[in-house]
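Structural overview
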Amino acid sequence: GVFAGVRFIVRERLLRVWFPAFTVLDVCWTLLFASIPVLVVTEYSANPKIVGWLFGALGGGAVVGALTALKLVRRIEPLTMTSVCFVCQMSAIWLVDVPGSWVIAAVGMALAGFFMSLVNAPLHALITLRVPRELRPQSLAAGGVFQSIGSPIGLLLAGWALTEFDTR
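What comes next concerns the included structure. (Residues numbered from 1 in each chain as written. Predicted model: local features only at pLDDT ≥ 70, side-chain atom pairs only at ≥ 80, totals over all residues. Heavy atoms only, no water.)

Bringing the pattern of salt bridges into the picture now. A complete count under the given rule lists one salt bridge for this structure. Measuring nitrogen to oxygen at the nearest pair gives 3.0 Å for the salt bridge that ties Arg-130 to Glu-12. Of this pair, Arg-130 sits in helix H5 (residues 102–130) while Glu-12 sits in the loop between helix H1 (2–11) and helix H2 (13–43), and the two are 118 residues apart along the sequence. Judged by relative accessible area, which is 16%, Glu-12 ranks as buried. (Salt bridge = Lys/Arg side-chain N within 4 Å of Asp/Glu carboxyl O. Helix = DSSP H or I, 4+ residues; strand = E, 2+ residues; numbered from the N terminus. Buried < 20%, exposed > 50% of the residue type's maximum accessible area, 1.4 Å probe, protein only.)

All right, on to unusual backbone geometry then. Although it is not a glycine, Ser-45 sits at a positive phi angle of roughly 55°. For Ser-45, the position within the fold is in the loop between H2 and helix H3 (48–72).

The biggest cluster of nonpolar side chains holds 18 residues, and the ones touching the most others in it are Leu-54, Ile-93, Val-96 and Met-109. Those elements that place two or more of their residues in this core are H2, H3, helix H4 (78–93) and H5. Not counting chain neighbours up to four residues away, the residues in contact with Leu-54 comprise Ile-36, Val-40, Trp-102, Ala-105, Ala-106 and Met-109. Ile-9, Leu-15, Phe-19 and Leu-118 belong to the second largest nonpolar core, which has 17 residues in total. (Core = buried A, V, L, I, M, F, W, Y, C linked by side-chain atoms within 4.5 Å. Contact = heavy atoms within 4.5 Å.)

Attention now moves to the packing of H1 against H2. Where H1 meets H2, the axes come as close as 5 Å, and the angle between the chain directions of the two elements is 105°. Between H1 and H2, the angle is such that the two are roughly perpendicular. On H2, the residues that touch Phe-8, Ile-9, Val-10 and Arg-11 of H1 are Arg-13, Leu-15, Arg-16 and Phe-19. Tallied by class, the residues present in the contact of H1 with H2 amount to five nonpolar, no polar and three charged. (Axes fitted to C-alpha atoms, helices over the stretch in contact; angles between N-to-C directions. Parallel < 35°, antiparallel > 145°, perpendicular 65-115°, else oblique. Nonpolar A, V, L, I, M, F, W, Y, C, P; charged D, E, K, R; others polar.)

A few words on the environment of Leu-15. By the secondary structure assignment, Leu-15 is in helix H2. Leu-15 sits in the buried class, given a relative accessible area of 0%. As a C-alpha pair, Leu-15 and Val-41 span 26 residues in sequence and 39 Å in three-dimensional space. Leu-15 has contacts with Phe-8, Ile-9, Pro-20, Ile-127, Arg-130 and Val-131, leaving out every residue within four places of it along the chain.

Structure follows, in structure tokens:
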């Protein structure tokens, strides 16, 4: 079952690139989530409320982005929307690295969450429709397995990186 899905992913040009890329992205997001509390301790006087505001900003941005995606996803070509919004999402997350008030980091998280929803809405539709109906359960399960295996690697990298480097 699942191996048929893996074979399809390997043969399908776009998915062959996307699934490993998504796994790397999940590793990076996991690393970021593990790093936020450490950033707050080292840069923002260890205030636990700031951790809540940063994660809440991501979630709030994602909710607003999901509501916006409902309107935009039918009007904009999905691959274009995904690509442009992905660049915006990755650009926004760099605001977390800007020295200064934690509010700047919260704005970066909110914008990243907003664009995350605008990326994910058309992206998952594209992936689902690209896979033949009879192979969808196996292919999507295989992709989920890759991402589930990859995410803990982000925690390993976070543990190592946070002992070796500055949080920024």
